[in-house]
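Residue strings, one per chain:
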Amino acid sequence: MKIKRQKHAKKTISFYKYNFCFREPFQILIDGTFCQAALKNKIQIKEQLPKYLMGEVQLCTTNCALKELETLAKDLYGAKLILQKFQIRKCKHMKDPVPASECLLSMLGDTNPHHYFIATQDQQLTTALKKIPGVPLLYIILNTMVLDKPSERSLKHVEAVQLGELVSPTQQSSIQTLKEKEGLSKDSHDRRGKKRKRKSSNPNPLSCLKKKKKPMPQQPKKTDREKKKRSRLRKRQPAGGEEAAVSSNPTTA
């Protein structure tokens, strides 16, 4: 019996994953009636629910569900202790709480965009939830947790998507990403077209000036000693005096 129940849950989860983009960790919205049934049947929600759904879960509730348990009889004190251990999701009724069933319906809207599972024993709430496509329902029966099969509304929605009459959540997300990419490319194109043109201004007067010629490096001035030394070298005569000069010139002989 347990293996059959597990196969049924696996098949139902695959349906919601493929057709409504459900992903782990699964978000489970729980009300006081489910906690009361779990307490009565000695079911450990935090331990058993991840095993049953074969994946990670986030157990959560709303402020309205907690307030509802506070105003009811003391017999529900144990259910309140269980419920307040879960994460609290923000709802629209923080200042003026409403019944838990009304609050949970407002959290889902028309299409359950945040992909919530709903865990409840409230029959009226269950009937209302089955009119919204893509809402997995959990309840407790015969001391066990059960994931309900997909509702007729969910099956008709999937059939309409397959026939092309509706757009699936996967297609919606892909269309949205394409629109975002087109918007980014358009913005970049507009930015390129709106580049600032350089103004035609008069040339810089400093750039029109003629370049000054660099002065040639001056040689160091000769000192008086070097001048005297050079003049002495010029005045020197060859050895032998006049005789040497006569012998060297044969035309004079």
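Residue indices follow the written sequence of each chain, beginning from 1 at its first position. Two thresholds apply to this predicted model, a pLDDT of at least 70 for residue-level local features and 80 or more for giving and counting side-chain atom pairs, whereas whole-chain, interface and lining totals are computed over all residues. The basis for every side-chain value is the complete set of heavy atoms in the structure, and neither hydrogens nor water enter the calculation.

- Looking at an unreviewed UniProt entry, the protein carries the name rRNA-processing protein UTP23 homolog, with the source organism given as Onychostoma macrolepis.
- Quoted verbatim from the Sequence similarities (unreviewed entry) field of the UniProt record, the comment on the protein reads "Belongs to the UTP23/FCF1 family. UTP23 subfamily."
- The record held by UniProt for the protein lists under Subcellular location (unreviewed entry) the comment "Nucleus, Nucleolus". UniProt positions are given in the numbering used here, feature names are shortened, and annotations may be inferred rather than shown by experiment.

**Quick notes on the state of the cysteines**
Turning to step 1, where the next piece is worked out: Here, a disulfide means two cysteine sulfur atoms that sit within 2.5 Å of each other. This model, assessed by the stated rule, comprises zero disulfides.
Turning to step 2, where the next piece is worked out: Distance from the sulfur of Cys64, which forms no disulfide, to the nearest cysteine sulfur (Cys103) is 3.7 Å.
Turning to step 3, where the next piece is worked out: Burial classification: accessible surface area is computed with a 1.4 Å probe over protein chains only, and a residue below 20% of its type maximum counts as buried, one above 50% as exposed, and the rest as partly exposed. Given the relative accessible area of 1%, Cys64 is considered buried.
Turning to step 4, where the next piece is worked out: Between Cys91, a cysteine without a disulfide, and Cys103, which holds the nearest cysteine sulfur, the sulfur-to-sulfur distance is 3.8 Å.
Turning to step 5, where the next piece is worked out: On the accessibility criterion, Cys91 (12% relative accessible area) is buried.

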